[in-house]
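Now for the letters of each chain:
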Amino acid sequence: MVIMALFFALTTPVGIGIGMLITNNKYDENSPTTLVVEGIFNAASAGILIYMALVDFLAADFMHPRMQKSSRLQIWANLSLLLGVGCIYLDVRRALNVWCLGTSLSDALKCAWVLKHGKFGA
């Protein structure tokens, strides 16, 4: 248990240190490689957040005996979950103010450019 607490306490400072070392050496925030790497890291952290929310938090609620006994409660819980996900999706789309869910790499780079600079172009 102590090892887990120590590991948890040290991961953030070590990550910050690594980030500071990387940004001090030839870091170009506008290069396509940087935008792709940032996008991958952002996607990974979002995936971890979604996993934690669905598996660790919601599973406990959905596996509760009261929920398991009532099909009406299950339907309402699932509809509420889908409504919440839909509202978050619409809010994110509104906040980004861009429609850039393309599947190609060039579309992903355009989205990263818009998110970083607020407009297309240099």
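None of the values given here were measured: they were computed from a predicted structure.

Student: What am I meant to see in the overall build of the chain here?
Tutor: Secondary structure assignment for the chain yields five helices and zero strands. For the chain, the sequential pattern of α-helices and β-strands runs α-α-α-α-α. Considering the chain as a whole, with its 122 residues, one finds that 8% of them fall into the buried category. Contacts in the chain between residues far apart in sequence, at least 24 positions, make up 29% of those at least 6 positions apart. Surface summary for the chain: the accessible area is close to 10,200 Å², and the carbon and sulfur share equals 72%.

Student: Sorry, what's going on with helix H1 (residues 2–24) here?
Tutor: Within an α-helix, residues lying three or four positions from one another point in the same direction, as the helix has 3.6 residues per turn. With 23 residues, H1 extends 34 Å from end C-alpha to end C-alpha; this agrees with the ideal 33 Å at 1.5 Å per step. Phi turns positive, to about 50°, at Lys26, one or two residues after H1.

Student: Quick question: what am I supposed to make of the layout of surface pockets here?
Tutor: In this structure, the second largest pocket encloses a volume near 290 Å³. Only H1 and helix H2 (32–62) provide two or more residues apiece to the lining of the second largest pocket. At six residues, H2 tops the list of elements feeding residues into the lining of the second largest pocket. Residue composition of the lining of the second largest pocket, grouped by class: four nonpolar, five polar and one charged.

Student: Is there a simple way to explain the UniProt feature "transmembrane region" (unreviewed entry) in the chain in this structure?
Tutor: Following the UniProt record, the feature "transmembrane region" (unreviewed entry) maps to residues 41–63 and 75–92 here. For residues 41–63, helix accounts for 96% and strand for 0%, while the C-alpha atoms at its two ends are 31 Å apart. The span residues 75–92 carries 100% helix and 0% strand; its end-to-end C-alpha distance comes to 26 Å.

Calculation notes
- Residues numbered from 1 in each chain as written.
- Predicted model: local features only at pLDDT ≥ 70, side-chain atom pairs only at ≥ 80, totals over all residues.
- Heavy atoms only, no water.
- Helix = DSSP H or I, 4+ residues; strand = E, 2+ residues; numbered from the N terminus.
- Buried < 20%, exposed > 50% of the residue type's maximum accessible area, 1.4 Å probe, protein only.
- Contact = heavy atoms within 4.5 Å.
- Areas by Shrake-Rupley, 256 points an atom, 1.4 Å probe, with all protein chains shown as cover.
- Expected span 1.5 Å × (residues − 1).
- 1 Å grid on protein atoms, 1.4 Å probe; cavity = no way out; pocket = protein on both sides within 12 Å on 5 of 7 lines; lining within 4 Å.
- Points joined across faces, edges and corners; volume = space filled by probe spheres on them.
- Nonpolar A, V, L, I, M, F, W, Y, C, P; charged D, E, K, R; others polar.
- UniProt positions renumbered as here; feature names shortened; annotations may be inferred.

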